[in-house]
Structures are given as C-alpha cells and as structure tokens.
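In case you want the letters, here they are:
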Amino acid sequence: MTKALLLIDIQNGFCPGGNLPVADGDQVVPVANALMKDGRYDLVVASQDWHPANHGSFASQHPGAKPFDMGELSGKPQVLWPDHCVQNTSDAEFHPGRDLSAIAHVQKKGENPAVDSYSAFRDNDRAALTGLADYLRQKGVTELDVMGLATDYCVKFSALDAIDMLPGVKVRFIEDGSRGIDPQGVTAAIEEMRAAGVSIVSSKDILGG
Ligand code: VGL
Ligand code: ZN
C-alpha cells in the first residue's frame, strides 16, 4: 500500500488577494500542513498552475471579453479567466503559509497558451499528458487523496482523471481541504466525483480524533 497526497494549485493566485481568488482559499493551507505531518503519506505531490502571460484562457487575450465570460479557445468553449498564475510572478507562487518540506514532486501545468489544463494529469483536450500519471504509477501509488483549489475546476478534473488514468487506485476527495469558485459548481462537482467512484472524506477522518 502506497498512500499519496495530491495538493492542487494552493497558490497565491487562488487565495484572497490573488488574481483569481477563491473564497476562503487560504483556509486549505492549515489542512494541507496538518495532513503532511507525522509521515501519514508515503508521497506528497503538488500541482502548480503555470501560465505564460499570453495564455489563451485569459480574457485579456480576447478583444472585448471580460473575465468569467464564456468564450472559445482553439475552437472549444472556454471560461475566460482574469490573468492568473503567470509564470515567475508572486501570483503563481505557493501560498507562503504552506509547508513545502514534504513535497517530493511539483507538477506544473497550463504552459501551452492554446489549451487550458485544469487537471494535473493532462490538458483539457486530453491530447498532452503532464507525466503525473506515469510518475505516480512508477512510485507504486495505490491510494491517492486529492485536495486544494478550486474544487469545481482543477480539483475535480484531477480527481476524475486519477480514476480514469490510474485504474485500481483508490481516489478520495478531501472536502474541507478544498474550496471552489462557484457554490453550485462545487455541489455538482462533488456529485460528479462521487458518481465516478471518488470517495468524499474529511481531513478529520484521516487525522483521527
Ligand atoms: C483553476 C481556473 C483556471 C484551478 C486554474 O486551479 O481550479 N481554475 N485555472
Ligand atoms: Zn489557470
């Protein structure tokens, strides 16, 4: 049994004060730090949204568009976001309260300006893989707990891809270790994850007491 924790996009950009803030996004930091203590996990991996300044998911790249408008990217429907998590800016840095000492691997994503990458495993068009699935397979991971930001986008797509790409691995979503962009989207995301075979758990179940 090899247990891994996957921490999704706990970056300044998705926390209060960031460019695409998720309500109470910073509240997941103490949950992540507590879970990483005491060697509970054999492996801890983090993803990092890492966009070039001209990324096609940014409303700023679409004349006349506003952030959160529905637009198109490479012929596919795309939510247009405020510029966020631009490479080598403080917005893309991990939240300063995070304990990074246990993180064995950082998976960057979203570098191709022509396609968005919500999942830490592959681009939204499913063409390009990030390499994370191979990495976790090579480490012999049998249980994967997923948490972070944002529940209704990157966390959901990462958990669904884990089910799809890592057959036989038990995947759990840590609800109180995650926050979402849209409350209705969060409810739908949790249902979608559950229906796909993801267990919904609380950090208290894991920490005990
Ligand atoms: C995310 C929107 C755009 C996320 C990333 O981390 O959930 N959402 N880029
Ligand atoms: Zn992004």
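Our structure's up above, just so we're on the same page.
Rules behind the numbers
The numbering scheme is per chain: residues are counted from 1 as the chain's sequence reads. Each chain gets a letter, beginning with A, and each ligand a number, beginning with 1, in the order they are written. Whole-chain, interface and lining totals are the exception, using all residues; otherwise, since this is a predicted model, local features are given only for residues with pLDDT of at least 70 and side-chain atom pairs are given and counted only at 80 or more. Only hydrogens and water are set aside; all other atoms, that is, all heavy atoms of the structure, feed into the side-chain values. Should a side-chain nitrogen of Lys or Arg be within 4 Å of a carboxyl oxygen of Asp or Glu, the pair is scored as a salt bridge. Relative accessibility decides the category of a residue: with a 1.4 Å probe and only protein chains considered, values under 20% of the type maximum give buried, values over 50% give exposed, and everything between is partly exposed. Stacked, tilted and edge-to-face are the three classes applied to pairs of Phe, Tyr and Trp rings, where Trp contributes its six-membered ring and a pair requires centres within 6.5 Å; stacked means planes under 30 degrees apart, edge-to-face means over 60, and tilted covers the rest. Each helix is a run of DSSP H or I of at least 4 residues and each strand a run of E of at least 2, with the numbering of both proceeding from the N terminus. By definition here, charges over rings are those cases where NZ of Lys or CZ of Arg is within 6 Å of the ring centre and within 35 degrees of the ring normal. The definition of a nonpolar core used throughout is a set of buried Ala, Val, Leu, Ile, Met, Phe, Trp, Tyr and Cys residues joined through side-chain atoms within 4.5 Å. What makes two residues a contact is simply this: any of their non-hydrogen atoms within 4.5 Å. Helix span, expected: 1.5 Å multiplied by one less than the number of residues in the helix. For this quantity, the arc is that covered by the directions from the helix axis to the C-beta atoms. Strands qualify as paired when DSSP identifies two bridges or more between them. Axis definition: a line fit to C-alpha positions, over the contact stretch in the case of helices; interaxial angles, taken between N-to-C directions, run 0 to 180 degrees. Whether a crossover is right-handed comes down to one check: with the strands pointing away from the viewer, does the path from the first strand over the helix to the second run clockwise; if it does, it is right-handed.

Caption draft 1: Quick peek at the pattern of salt bridges. By the definition in use, this model includes eleven salt bridges. The residue Asp 38 makes a salt bridge to Arg 40 at a minimum N-O spacing of 3.8 Å. A relative accessible area of 24% means that Arg 40 is categorised as partly exposed. Measuring nitrogen to oxygen at the nearest pair gives 2.9 Å for the salt bridge that ties Arg 172 to Asp 145.

Caption draft 2: Focus on the packing of aromatic side chains. Within this structure, the stated rule accounts for five aromatic pairs. Arranged with centres 5.2 Å apart and planes meeting at 65 degrees, the rings of Tyr 118 and Tyr 153 form a pair that is edge-to-face. In this pair, Tyr 118 is assigned in the loop between strand E5 (103–109) and helix H2 (132–138) and Tyr 153 in helix H3 (residues 151–165), connecting sequence segments 35 residues apart. Chaining the aromatic ring pairs together yields one cluster made of Phe 68, Trp 81, Tyr 118, Tyr 153 and Phe 157. Over the ring of Phe 94 we find Arg 98, and its NZ or CZ is 4.3 Å from the ring centre. Its end group placed over the ring of Trp 50, Lys 108 keeps NZ or CZ at 4.6 Å from the ring centre.

Caption draft 3: Seen up close, the nonpolar core. In this structure, Leu 5, Leu 7, Phe 121, Leu 136, Leu 144 and Met 147 are the most contacted members of the largest nonpolar core, which totals 58 residues. Listed by contribution, the elements that provide at least two residues to this core are strand E1 (3–8), helix H1 (28–36), strand E2 (43–49), H2, strand E6 (143–149), H3, strand E7 (170–179) and helix H4 (183–196). Contacts of Leu 5, omitting those with residues within four sequence positions, involve Leu 35, Met 36, Tyr 41, Leu 43, Val 44, Val 45, Asp 145, Met 147 and Ile 174.

Caption draft 4: Molecular detail of H4. Between its first and last C-alpha atoms H4 spans 20 Å; for 14 residues at 1.5 Å apiece the expected length is 20 Å, and the two agree. Turning to H4, its buried residues number three or more, namely Val 186, Ala 189, Ile 190 and Met 193. Buried residues of H4, seen end-on, are gathered within an arc of 100 degrees and therefore sit on one face of the element. Turned more than 90 degrees away from the buried face of H4, the exposed residues are Gln 184, Thr 187 and Ala 195. For H4, the elements touching its buried residues are H3, E7 and strand E8 (199–201). Phi for Gly 197, located one or two positions after H4, is positive at around 110 degrees.

Caption draft 5: Structural detail: the sheet that holds E1. A sheet is described by the order of its strands in space; here six strands give the open sequence E5-E2-E1-E6-E7-E8, paired in parallel fashion. Two strands close off the open sheet at either side, each with one partner strand: E5 and E8. Direction aside, the axes of adjacent strands within the sheet are offset by 25 degrees on average. Two elements, E6 and E7, share six bridges in a ladder whose sense is parallel. Following the sheet pairing, Leu 144 is matched in E7 by Val 171. The strands that H1 touches are E1, E2, E5, E6 and E7; relative to E7, the one it contacts most, it runs at about 140 degrees.

Caption draft 6: Representation of the pairing of E1. Burial of E1 is extensive: five of the six residues sit out of reach of the surface. Relative to E6, E1 runs parallel, the two sharing six bridges. Its bridge partner lying in E6, Ile 8 is registered against Gly 148. Direction of pairing for E1 relative to E2: parallel, over a ladder of five bridges. Bridge pairing links Leu 6 to Val 45 in E2. Handedness of the E1-H1-E2 crossover: right-handed.

These figures come from the coordinates and say nothing about function on their own.
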